[in-house]
Amino acid sequence: MDPRLLLVAAVTISTTSCSVLTVAPKSMPRASVGSRGGDSDSSSRLTAPSAGPSDPRARGLIVVPGLGWSEAGGLSGIVPAAGTCHFRHASDGEPLPDPRCTPGAITDAVTQANLRETICRRGGYTASVRPPLDLTEKVKRALMAAYGVGDRPMSSYEMDHETPIEVGGSPGSLLNLWPEPNDDRRLFGRNQYVNNDKDHVESTYGRGPVCAGTVTLEAVQKAFALDWTTVPALPGRRM
């Protein structure tokens, strides 16, 4: 095995809190991973940066150093093996990722103390830290296969950050990426920037309330990691 690989332990999230329990990496089936260069199966293989996640118990969330990706190293983490992940659904039928495969992860670069210099700064934040499409699109099909929908049109799924970048979600960790279905319940309106209900919740009830100081960064991050339909500012939230 390539010694540069980052072996990220599988995690399980409690149904009553967002605390994380790490388990042995071998307990979760995984696709093989290798160098992007000269790899004949690049859709399911990745090269990971050398840095690994910090202690996930720090804030009840998985914390990944920095961006979680690099141009030279690619995204961090390992694609789960095909068919090993399963979509869940919230009480109202909205799609949720498998917490064993996509538990959500945050970056240590965004904290409650530096919001004005990071996610709330003028001129925007996400575009400066988001991984380029040539990295994320290479693994989209592999993640769709992991969730058992590899044979469906790619346009039916969005490569989504479970904990959004705009509230400090890790931009490049595979623990924070999943193929979100676009055929949701359409509980909210649509525009050119919104493909599904989660997009609307992110743009309306995520970063705005955090930057306005009406809800803490940690509360929003935990809600997205556990069940995005329970975001604190969301009307009728079920927390």
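The preceding data block contains the structure.
Predicted model, so just to flag it, every value in this text is computed and none were measured.

Turning our attention to the overall build of the protein. Per the secondary structure count, the protein includes five helices and ten strands. When the 239 residues of the protein are sorted by exposure, 52% land in the buried category. Residue pairs at least 24 apart in sequence account for 65% of intrachain contacts in the protein once pairs closer than 6 positions are excluded.

Within the secondary structure layout, arginine 130 lies in the loop between helix 1 (126-129) and helix 2 (133-146). For the pair formed by arginine 130 and proline 171, sequence separation is 41 residues and the distance between their alpha carbons is 5.5 Å. Contact partners of arginine 130, with chain neighbours within four places excluded, come to Trp69, His161, Ile165 and Pro171.

Turning our eyes to something else, we now look at the pattern of salt bridges. Following the criterion strictly, the structure yields four salt bridges and no others. With its nearest N and O atoms 2.8 Å apart, the salt bridge here joins aspartate 160 to lysine 198. On the criterion of sequence distance, the pair formed by aspartate 160 in strand 9 (residues 157-161) and lysine 198 in helix 3 (residues 197-205) is long-range, its members being 38 residues apart. Comparing aspartate 160 with lysine 198, the two get one shared label, buried.

Applying the stated criterion to the full structure yields two disulfides. A disulfide bridge connects cysteine 85 with cysteine 101, and the sulfur atoms are separated by 2.1 Å. Linking cysteine 85 and cysteine 101, the disulfide has an S-S dihedral of approximately -100° and is accordingly described as left-handed. Placement of cysteine 85 in the loop between strand 5 (74-75) and strand 6 (88-89) and of cysteine 101 in the loop between strand 7 (95-96) and strand 8 (106-107) is noted, with a sequence separation of 16 residues between them. Relative accessible area serves as the criterion here: at 2%, cysteine 85 is assigned to the buried category. Disulfide pairing places cysteine 120 opposite cysteine 211 at an S-S distance of 1.9 Å.

Tallied over the full model, the rule gives three aromatic pairs. Ring plane angle 20° and centroid distance 6.3 Å describe the contact between phenylalanine 87 and tyrosine 157, whose orientation is recorded as stacked. One end of the pair, phenylalanine 87, is in the loop between strand 5 and strand 6; the other, tyrosine 157, is in strand 9, and 70 residues separate them in sequence. When its relative accessible area of 22% is taken as the criterion, phenylalanine 87 is described as partly exposed. On the basis of relative accessibility, which here comes to 6%, the residue tyrosine 157 falls in the buried class. Within the aromatic cluster, the residues linked to one another by ring pairs are Phe87, Tyr147, Tyr157 and Trp178.

Further remarks concern helix 3. Counting buried positions over the nine residues of helix 3 gives seven, a clear majority of the element. Among all positions of helix 3, only Asp197, Lys198, Asp199, His200, Val201, Glu202 and Tyr205 are buried. For helix 3, the capping residue at the N-terminal end is asparagine 196, with a side-chain oxygen 3.3 Å from the backbone nitrogen of lysine 198.

Of all hydrophobic cores here, the largest spans 22 residues; its most connected members are Leu115, Ile119, Val201, Val210, Leu217, Phe224 and Val231. Sorting elements by how many residues they give to this core places helix 5 (residues 217-226) first, with four residues. The residues contacting phenylalanine 224, other than those within four sequence positions of it, are Glu162, Thr163, Pro164, Val167, Lys198, Val201, Glu202, Gly206 and Val231. Ranked by size, the runner-up nonpolar core spans ten residues in total, among them Trp69, Leu75, Leu143 and Leu174.

Of all five residues in strand 9, five are buried, a share of seventy percent or more. The pairing of strand 9 with strand 10 (residues 177-181) spans five bridges and is antiparallel. If you follow tyrosine 157 over to strand 10, its bridge partner there is proline 181.

Accessibility expressed as a relative area gives 0% for lysine 198, which makes it buried. A distance of 3.0 Å separates a polar side-chain atom of lysine 198 from the backbone oxygen of histidine 161.

All right, on to the environment of tryptophan 69 then. Looking at the secondary structure, you find tryptophan 69 in strand 4 (residues 69-70). Given the relative accessible area of 14%, tryptophan 69 is considered buried. From its side chain, tryptophan 69 meets the backbone oxygen of valine 129 in a polar contact 2.9 Å long.

Scoring rules and cut-offs
Residues numbered from 1 in each chain as written. Predicted model: local features only at pLDDT ≥ 70, side-chain atom pairs only at ≥ 80, totals over all residues. Heavy atoms only, no water. Helix = DSSP H or I, 4+ residues; strand = E, 2+ residues; numbered from the N terminus. Buried < 20%, exposed > 50% of the residue type's maximum accessible area, 1.4 Å probe, protein only. Contact = heavy atoms within 4.5 Å. Salt bridge = Lys/Arg side-chain N within 4 Å of Asp/Glu carboxyl O. Disulfide = S-S within 2.5 Å. Phe/Tyr/Trp six-rings, centres within 6.5 Å; stacked < 30°, edge-to-face > 60°. Polar contact = N/O pair within 3.5 Å; in protein donor to acceptor, adjacent residues only side chain to side chain. Core = buried A, V, L, I, M, F, W, Y, C linked by side-chain atoms within 4.5 Å. Pairing = 2+ DSSP bridges.

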